[in-house]
There are 2 protein chains.
Amino acid sequence: MNLKQLSEHLGLSQTTVSRALNGYPEVSESTRKRVQLAAAEGNYRPNLRAMSLATGKAMTIGHVIPVADQHDVVNPIFAEFVAGASQVYKQHGYELTLTIAETRNEESIYRSIAARGAVDGVIVHSPKRTEPRLALLREIGLPFVVHGRVSESDTPYNWIDMNNRRAFKQATQLLIDLGHTDIALINGDESLNFAWLRRLGFEDAMRENKLPIKKALMASADLTETFGYQTASALLKCSDCPTAFLASSYVVALGIRRAIGQAGLQMGKDISVIIHDDELSYFDNDGAIPQFTATRSSVREAGILAADMLLKQIDDPTLFPQNTLLESHLTMGLSTGPAKRA
Amino acid sequence: MNLKQLSEHLGLSQTTVSRALNGYPEVSESTRKRVQLAAAEGNYRPNLRAMSLATGKAMTIGHVIPVADQHDVVNPIFAEFVAGASQVYKQHGYELTLTIAETRNEESIYRSIAARGAVDGVIVHSPKRTEPRLALLREIGLPFVVHGRVSESDTPYNWIDMNNRRAFKQATQLLIDLGHTDIALINGDESLNFAWLRRLGFEDAMRENKLPIKKALMASADLTETFGYQTASALLKCSDCPTAFLASSYVVALGIRRAIGQAGLQMGKDISVIIHDDELSYFDNDGAIPQFTATRSSVREAGILAADMLLKQIDDPTLFPQNTLLESHLTMGLSTGPAKRA
DNA sequence: ACATTCATCCAAAGCGCCTTGAATAGACAG
DNA sequence: CTGTCTATTCAAGGCGCTTTGGATGAATGT
């Protein structure tokens, strides 16, 4: 069932039917009713392609997920973020297309997306400390919202981010207050800005408390369970072991916990751990007392807000770029305790 | 830059330019070269919407992810599956759109997708034991591939699945061979077919070995860490505790491991655990000896195969439905050992 | 009675592409 | 030199929708 058929069926012109369905005022209420009824009966849905060709709007948002190569780790937070964003899109009649972009093709992929008219805007995931994508997207003229910030950018742009620096400063301070001085930071890839900011937050706190920042206690890589395990295992064997760990994700903390257990130590007693918890739905770090002390921030919520921001920007391109900085909540769990003096 | 502009720039008709770029033979090689060069220079990409309107093909595949409600758990395997599938789509010039469908709207969502002409086919995720979606999609006439099988379906359809029943039978047998008789099954939601089949596999082995199947040792729910922890904790307190666990996912096994540790027991010594491992990239259950004994099957690989199957089906709609049954590999890890007699 | 307004509705153009059917020109055969 | 092929190229229509610019008739005002 398409517009033509529907209009013939009703004995009306395509114009009138289209207007009736799209809420234009130049249609009498009685015919509008009639049209709506017939459309519902015939299960009529305007063809998205035709519509978008006619209006010039794609009614689609692109999510571009960067990976180093095809076999790279897929960051588990994407699914959760996208789950949030997609709610918003659905409400506004938008579709969501997903593109996995290898870093080396990134530019051509963005250009292609734009030139093909496939999307009205994109969400930029996993920004690096310096982001060539911003300039690229501006040049192309494609509206975008970054999930995360870019440290080194002068020109304003849309972003939504969690206050990584503050969260990790706060978490570090808590560990220091508990008496820990040798704190290890198991961080994400520090060429990514979120990880970089977390490190700065960590260093902020250490410096303010006049504690030495030891390179040996900092590691940075993809946040896999194995990375957490191996790094923590090694650190727990060294001469002056850390008494506390700061973990950049739940997953990596699982590895740390494994290492602690294997070393015959007890988490929350011998060794303290604080994680950043993105509140992934299958790791509900919850219950009466959460197992991990954590800085928490819902990445699904971030997805909702980012989608909202992007649609607003598309709706009104003259809008000045928006920013949203989410604060995390520090919640006490079972994984922290006072430092044991060596 | 669109076709018209490009053709005017070249002093050719749109027909010729279009044909030159799409590889039709009615164009001299010299002009084809000229056109290709100009297209590359002008960064010309055919507008996807116009193309799809003209050809009637959307050049897009839909992935529809069912959830119970908006706040539901997002299964972590989707991201990995999609990562695989998207490789294939890219190679063939297809886009991928993602839709999260609440079960209660499912029918209208599929109908809407089809009527809007937004996709050429869909991947059906998370099939239940009985699937109204199959009949629906057939009625609509939308090509589809199911990731998983539906137990109760007479009519053939495209699917790709892992041999869940066999995998769990095999895993159970291994535990039995190690001397375990009280084996707990921590399974996914058994209204979903994969979980149902795993249960059948488990029961197959128990029955063949004349061991009692105890309802009290079987649990079924969303595969979260907490579910694993709580269930295992409870089971380890009961009078006749299980000496082994069969876990339907890595995540749920993490919870089980936590419970075991907390009970003062040792995994692989006091209690054995076998998991099914979907080989998620951030849980590389690998190394010299994997931490978990597991039946393994790459869900990313499944995504690749499913996408391939779907594109073939779209390419030739007369094709008889294809099936692929993947076998899992049982690999020994640190989490299993001989049963300790009580 | 005539001009003017207003509420409805419609015909047709256009979005950017592909594709059918035809035209043109050069090559070749008779 | 004319007729027939073949190789190239083109004009125009159509995909399904929105939207511009009327058209129509009834209602209103003078």
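Not measured: the values here are computed from a predicted model.

What counts and how
Residues numbered from 1 in each chain as written. Chains lettered and ligands numbered in written order. Predicted model: local features only at pLDDT ≥ 70, side-chain atom pairs only at ≥ 80, totals over all residues. Heavy atoms only, no water. Helix = DSSP H or I, 4+ residues; strand = E, 2+ residues; numbered from the N terminus. Contact = heavy atoms within 4.5 Å. Areas by Shrake-Rupley, 256 points an atom, 1.4 Å probe, with all protein chains shown as cover. Lys, Arg positive; Asp, Glu negative; His and termini not counted. Charge placed at Lys NZ, Arg CZ, Asp CG, Glu CD. Least-squares fit on C-alpha atoms with pLDDT ≥ 70 in both. Core = buried A, V, L, I, M, F, W, Y, C linked by side-chain atoms within 4.5 Å. Buried < 20%, exposed > 50% of the residue type's maximum accessible area, 1.4 Å probe, protein only. Near = heavy atom within 4 Å. Polar contact = N/O pair within 3.5 Å; in protein donor to acceptor, adjacent residues only side chain to side chain. Nonpolar A, V, L, I, M, F, W, Y, C, P; charged D, E, K, R; others polar. Buried area = accessible area lost by both parts, 1.4 Å probe. Salt bridge = Lys/Arg side-chain N within 4 Å of Asp/Glu carboxyl O. Pairing = 2+ DSSP bridges. Right-handed = clockwise from strand over helix to strand, strands pointing away. 1 Å grid on protein atoms, 1.4 Å probe; cavity = no way out; pocket = protein on both sides within 12 Å on 5 of 7 lines; lining within 4 Å. Points joined across faces, edges and corners; volume = space filled by probe spheres on them. Domains from an automatic or database assignment. Phe/Tyr/Trp six-rings, centres within 6.5 Å; stacked < 30°, edge-to-face > 60°. Lys NZ or Arg CZ within 6 Å of the ring centre and 35° of its normal. Axes fitted to C-alpha atoms, helices over the stretch in contact; angles between N-to-C directions.

### Concerning the overall build of chain A
1) Next: When helices and strands are counted, chain A shows 12 helices and 12 strands.
2) Next: Counting only C-alpha atoms and orienting by the principal axes, one finds that chain A spans roughly 90 × 45 × 35 Å.
3) Next: For chain A, restricting intrachain contacts to residue pairs at least 6 apart in sequence, the fraction spanning at least 24 positions comes to 67%.
4) Next: Entry remark: accessible area of chain A is about 14400 Å², with carbon and sulfur atoms responsible for 53%.
5) Next: Here chain A carries 35 positive and 38 negative side-chain charges, and the mean point of each set is 1 Å from the other.

### Examining the relation of the copies chain B and chain A
The operation linking the two copies of the chain is a rotation about an axis combined with a translation along the axis.
1) Next: Mapping chain B onto chain A leaves a residual RMSD of 0.0 Å; the transformation is a rotation of 180 degrees accompanied by 0.0 Å of translation along its axis. On the angle and the small slide along the axis, the relation comes out as a two-fold axis. For chain B, the minimum C-alpha distance to the rotation axis belongs to Thr97 of chain B and amounts to 2.1 Å.
2) Next: Comparing interface residues between copies, 100% of those in chain B also lie at the interface in chain A; the contact surface is shared.

### Structural notes on the nonpolar core
1) Next: Core analysis: the biggest nonpolar cluster contains 156 residues, and Phe245 and Phe283 of chain A together with Phe245 and Phe283 of chain B have the highest contact counts within it.
2) Next: The contact partners of Phe245 of chain A, leaving out residues within four places of it in the chain, are Leu175, Ala184, Ile186, Ala232, Leu235, Leu236, Ile256, Ile271, Ser272, Val273 and Ile274 of chain A.

### A closer look at the protein's contact with DNA strand C
1) Next: Neighbouring residues of DNA strand C: 28 residues in total, closest Thr15 of chain A together with Leu3, Ser18, Arg19 and Tyr24 of chain B.
2) Next: Near the protein, within 4 Å, the atoms of DNA strand C are sugar or phosphate in 62% of cases.
3) Next: Within the backbone of Ser28 of chain A, one N or O atom sits 3.4 Å away from a phosphate oxygen of DNA strand C.
4) Next: Going through the elements one at a time, helix H2 (14-22) and helix H4 (48-55) of chain A together with helix H2 (14-21) and helix H4 (48-55) of chain B are the ones with two or more residues in the surface near DNA strand C.
5) Next: By residue class, the composition of the surface near DNA strand C is 11 nonpolar, 13 polar and four charged.

### Concerning the interface of chain B and chain A
1) Next: Counting residues at the interface gives 55 residues for chain B, matched by 55 residues for chain A.
2) Next: Carbon and sulfur atoms supply 51% of the area that chain B and chain A bury against each other, a total of about 5000 Å² over both sides.
3) Next: Per-residue buried area on chain B facing chain A is highest for Arg49, Arg116 and Tyr282 of chain B; these three make up 18% of the total on that side.
4) Next: Close ionic contact of Arg116 of chain A with Glu95 of chain B constitutes a salt bridge, the shortest N to O distance being 2.3 Å.
5) Next: Elements with a contribution of two residues or more to the side of chain B that touches chain A: H4, helix H5 (77-91), strand S2 (95-102), helix H6 (106-115), helix H10 (225-237) and helix H11 (250-262) of chain B.
6) Next: Of all the elements, H5 of chain B adds the most residues to the side of chain B that touches chain A, at seven residues.
7) Next: Along the lines of polarity and charge, the residues of the side of chain B that touches chain A split into 24 nonpolar, 17 polar and 14 charged.

### Quick look at the pairing of strand S8 (residues 244-247) of chain A
If a strand is regular, its side chains alternate between the two faces of the sheet.
All names here are of chain A.
1) Next: By the alternation rule, side chains of S8 split into Ala244 and Leu246 and Phe245 and Ala247, which are all buried.
2) Next: The sheet contact formed by S8 and strand S9 (residues 272-277) spans four bridges and is parallel. Counterpart to Ala244 in the pairing with S9 is Ser272.
3) Next: Assessed by its sense of winding, the connection that carries the chain from S8 through helix H11 (residues 250-262) to S9 is right-handed.

### Digging into empty space enclosed by the protein
1) Next: Counting across every chain of the model gives five cavities of 30 Å³ or more.
2) Next: Estimated volume of the largest cavity: approximately 170 Å³.
3) Next: What lines the largest cavity is a set of 15 residues, and nearest its centre among them are Ala79 and Leu98 of chain A together with Ala79, Val82 and Leu98 of chain B.
4) Next: Of all the secondary-structure elements, those providing two or more residues to the lining of the largest cavity are helix H5 (77-91) and strand S2 (95-102) of chain A together with H5 and S2 of chain B.
5) Next: Here the lining of the largest cavity takes four residues from H5 of chain B, the largest share from any one element.
6) Next: For the lining of the largest cavity, the class distribution of residues is 15 nonpolar, no polar and no charged.

### Notes on the domain arrangement of chain A
1) Next: Considered domain by domain, chain A is made up of domain 1 (3-46), domain 2 (60-162 + 300-326) and domain 3 (164-298).
2) Next: Each of domain 1 of chain A and domain 3 of chain A has a C-alpha centre, and these two points are 60 Å apart.

### Observations regarding the protein's contact with DNA strand D
1) Next: Around DNA strand D, 27 residues are found, and the nearest of them are Leu3, Arg19 and Tyr24 of chain A together with Thr15 and Glu26 of chain B.
2) Next: Of everything in DNA strand D that lies within 4 Å of the protein, sugar and phosphate atoms constitute 60%.
3) Next: Note that a base oxygen of DNA strand D is positioned 3.1 Å from one of the side-chain N or O atoms of Thr15 of chain A.
4) Next: Residue Tyr44 of chain A places a side-chain N or O atom 3.0 Å away from a phosphate oxygen belonging to DNA strand D.
5) Next: Of all elements in the fold, only H2 and H4 of chain A together with H2 and H4 of chain B reach the threshold of two or more residues within the surface near DNA strand D.
6) Next: Grouping the constituent residues of the surface near DNA strand D by class yields 10 nonpolar, 13 polar and four charged.

### Things to note about the packing of aromatic side chains
1) Next: Counted according to the given criterion, the structure contains seven aromatic pairs over all chains.
2) Next: For the ring pair Tyr250 of chain A and Phe283 of chain A, a centre distance of 4.3 Å and an interplane angle of 15 degrees mean the geometry is stacked. Of this pair, Tyr250 of chain A sits in helix H11 while Phe283 of chain A sits in the loop between S9 and strand S10 (293-296), and the two are 33 residues apart along the sequence.
3) Next: Ring pairing ties together the aromatic residues Tyr250, Tyr282, Phe283 and Phe292 of chain A together with Tyr250, Tyr282, Phe283 and Phe292 of chain B, which thus form one cluster.
4) Next: Above the plane of the ring of Tyr229 of chain A lies Arg258 of chain A, whose end atom (NZ or CZ) is 3.8 Å from the centre.

### Quick look at the sheet that holds S10 of chain A
Residue and element names in this part refer to chain A.
1) Next: Taken together, the six strands give an open sheet; going across it, the order is S7-S6-S8-S9-S10-S12, and neighbouring strands pair in mixed fashion. For this open sheet the edge positions go to strand S7 (218-220) and strand S12 (329-331), each flanked by a neighbour on one side alone. Taking each pair of neighbouring strands and ignoring which way they run, the sheet shows an average axis angle of 15 degrees.
2) Next: Set on the sheet, helix H8 (residues 164-177) makes contact with strand S6 (183-187), S8, S9, S10 and S12; between it and S8 the angle comes to about 165 degrees.
3) Next: Across the sheet, helix H10 (residues 225-235) is in contact with S6, S7 and S8; its angle to S6 comes to roughly 160 degrees.

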